[in-house]
Amino acid sequence: MSFREFWRDIYKNLYTIRVFEKNCIRLYRQGLIVGYFHPYLGEEAIAVGACAALRSDDYIVSTHRGHGHCIARGGDIRKMLAEVLAKEAGYCYGLGGSMHIADVATGNIGANGIVGGGIPLGIGAGLSISIRGTEQAVVIFFSDGASNNGVFAESLNLAAIWNLPVIFMLENNHYAVSTPIEEASRTEDLYKRAEGYGVFATAIDGNDVKVVYEKTKEALEVCRSGRGPFLVEAKTYRQGGHHVNDPGKYMPREKLDYYMSKDPVQTGRKYLINEGGFSEDEVKRFETEIENEIKEAVEFAKNSPELSEEKYFNEIVI
Ligand SMILES: Cc1ncc(C[n+]2csc(CCOP(=O)(O)OP(=O)(O)O)c2C)c(N)n1
Ligand SMILES: [Mg+2]
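These figures come from a predicted structure and were not determined experimentally. (Residues numbered from 1 in each chain as written. Chains lettered and ligands numbered in written order. Predicted model: local features only at pLDDT ≥ 70, side-chain atom pairs only at ≥ 80, totals over all residues.)

What the protein contains, in helices and strands, is 13 helices and seven strands. For a compact globule of 318 residues, the expected C-alpha radius of gyration is about 20 Å, and the protein comes in at 19 Å, within 12% of that figure. Along the three orthogonal principal directions, the C-alpha set of the protein runs to about 55 × 50 × 45 Å. (Helix = DSSP H or I, 4+ residues; strand = E, 2+ residues; numbered from the N terminus. Rg over C-alpha atoms; globule rule 2.2 N^0.38 Å.)

The following block contains the structure:
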């Protein structure tokens, strides 16, 4: 793959996530999305960088903030939007919504409404790989709040003693809802927790897609050679509140400004130009193409039917 193609794919995913989330926020405001909706705005580089390093037969485990992971792994935008809008054409016939999208075709074990609940699922996938003796790997995405859950410690230890090919991708966005990390942990450097379990660990700039890609590649080599697991703490920040109805007023302006100045999509855009050789005009055309693709998917989802009662009772419940 040429540099041009590589950066094209990377930017396509970064920009798709950005536009997807903004469209969904608009749909939510129009009253077309029910339930919770947790935007991935500001964290795009982690999903995109990590997934770009993976093989097609690897697995990922997602979270309640999961659209970015699903898109970066090659999920179907139409099926995602239909799911979010509770339509039959969605990943789960519209019965799961935003927080329950899984995609077997792309090795996406699934989003999860239970904070920390995905971590042991990733350990199970890692154990399965180890028993089958393949060179696959798993990336478990989770955030700082989940790392204060007991299941994180147990999972880390099991992965360590079983040498599982698992990357713990800790998306440290510094908040669990409105609780800042400094109130929930004595150290803000959460990667240090892994060292106590004998697990390789490091912290990186989670807003720089190139850094995330390169570190994930390195961690994957460790995992595939039987020396895993590996914990990567990707430092980042939400560009907004915890969910779509949270204005996030408690987030300090200067910290938000700092992370906004390191916007992951803008950073990726610079790489596309400087390393991918795209001209400004080409990028703009590319962005319009992506926007149109999402607009078309939104229309598809809006015009799709809801799950019928007949299908529900005759094919799904039974
Ligand atoms: C076991 C459990 N406890 C509490 C909640 C309510 N809840 C939903 S999201 C969230 C915060 C999670 O924070 P973090 O793991 O840092 O993820 P982030 O939202 O930052 O991506 C909480 C407490 C839940 N869904 N599951
Ligand atoms: Mg968090």
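Read on for the rest.
Next up on the list: the site of ligand 1. Neighbouring ligand 1 are 15 residues; Val115, Ser143, Gly145, Ala146 and Ala176 lie closest to it. Of the residues contributing to the shell around ligand 1, the split by class is six nonpolar, seven polar and two charged. (Near = placed C-beta within 6 Å. Nonpolar A, V, L, I, M, F, W, Y, C, P; charged D, E, K, R; others polar.)

Glancing now at the sheet that holds strand E3 (residues 166-172). One open sheet accounts for five strands, arranged E1-E2-E3-E7-E6; its pairing is parallel. Every interior strand has two partners, whereas the edge strands, strand E1 (59-61) and strand E6 (200-205), have only one. Each neighbouring strand pair of the sheet contributes to a mean axis angle of 20°, computed without reference to strand direction. Relative to strand E7 (residues 230-235), E6 is paired through six bridges, and the arrangement is parallel. Of the residues in E7, the one forming a bridge with Phe200 is Phe230. (Pairing = 2+ DSSP bridges. Axes fitted to C-alpha atoms, helices over the stretch in contact; angles between N-to-C directions.)

The subject of this paragraph is unusual backbone geometry. Cis geometry is found at the peptide bond from Gly228 to Pro229, where omega equals 5°. In this structure, Pro229 sits in the loop between helix H9 (209-224) and E7. One non-glycine residue, Ala86, lies in positive phi territory at about 60°. Its location among the elements puts Ala86 in the loop between helix H4 (77-84) and helix H5 (118-132). A positive phi is found at Val177, a non-glycine position, where the angle reads about 55°.

What follows is about the nonpolar core. Core analysis: the largest hydrophobic core is formed by 79 residues, its most contacted members being Leu14, Val139, Ile140, Val166, Ile167, Met169 and Leu170. The leading source of residues in this core is helix H1 (residues 3-29), at nine residues. The residues contacting Val166, other than those within four sequence positions of it, are Gly122, Ile123, Gly126, Val138, Ile140, Ala159, Cys223, Gly228 and Pro229. (Core = buried A, V, L, I, M, F, W, Y, C linked by C-beta atoms within 7 Å. Buried ≥ 20, exposed ≤ 12 C-beta atoms within 10 Å, placed from the backbone. Contact = placed C-beta atoms within 7 Å.)

This part takes up helix H11 (residues 264-274). Residues of H11 that are buried include every one of Pro264, Val265, Gly268, Arg269, Tyr271 and Leu272, and no others. Along the axis of H11, the buried residues cluster in a sector spanning 160°; they form a single face. Residues of H11 that are exposed and point over 90 degrees away from its buried face: Lys270 and Asn274. (Arc of directions from axis to C-beta.)

In this model H9 runs 22 Å from its N-terminal to its C-terminal C-alpha over 16 residues, within 8% of the 22 Å that 1.5 Å per residue would give. Every buried residue of H9 is listed here: Val209, Val212, Tyr213, Lys215, Thr216, Ala219, Leu220 and Cys223. On its buried face, H9 sits against H1, helix H2 (44-52), E3, E6, E7 and H11. In the segment just after H9, Gly226 is the residue with positive phi, at about 80°. (Expected span 1.5 Å × (residues − 1).)

A word on the pairing of E7. Extensive coverage of E7 is indicated by the burial of six of its six residues. Here E7 shows two buried faces, one formed by Phe230, Val232 and Ala234 and the other by Leu231, Glu233 and Lys235. Relative to E7, E3 runs parallel, the two being bridged by six bridges. Across the sheet, residue Asn172 finds its bridge partner in E7, namely Lys235. With respect to chirality, the unit in which E6 leads through H9 into the neighbouring parallel E7 is right-handed. (Right-handed = clockwise from strand over helix to strand, strands pointing away.)

Glancing now at the environment of Glu43. Tracing the chain through its elements places Glu43 in the loop between H1 and H2. Under the C-beta neighbour-count criterion, Glu43 is labelled buried, with 27 such atoms within 10 Å. What Glu43 contacts, discounting residues up to four positions off in sequence, is Gly68, Glu171, Asn173, Gly206, Thr236 and Arg238.

Further remarks concern the pairing of E3. Within E3, seven of the seven residues are buried, which leaves the element mostly enclosed by the surrounding structure. Burial of the side chains of E3 extends over both faces: Val166, Phe168, Leu170 and Asn172 are buried on one face and Ile167, Met169 and Glu171 on the other. With helix H6 (residues 150-161) bridging strand E2 (residues 138-143) and the parallel E3, this β-α-β connection has right-handed handedness.

This part is about the confidence of the model for the protein. The predicted model of the protein has a mean per-residue pLDDT of 97, with 100% of residues at 70 or higher. Taken element by element, the predicted model of the protein shows its lowest mean pLDDT in helix H13 (residues 309-316) (90) and its highest in H2 (99). (pLDDT = per-residue confidence, 0-100.)

Inspection of the secondary structure assignment puts Gly74 in the loop between helix H3 (67-72) and H4. What makes Gly74 partly exposed here is the crowd of 15 C-beta atoms within 10 Å. For the pair formed by Gly74 and Cys51, sequence separation is 23 residues and the distance between their alpha carbons is 9.0 Å.

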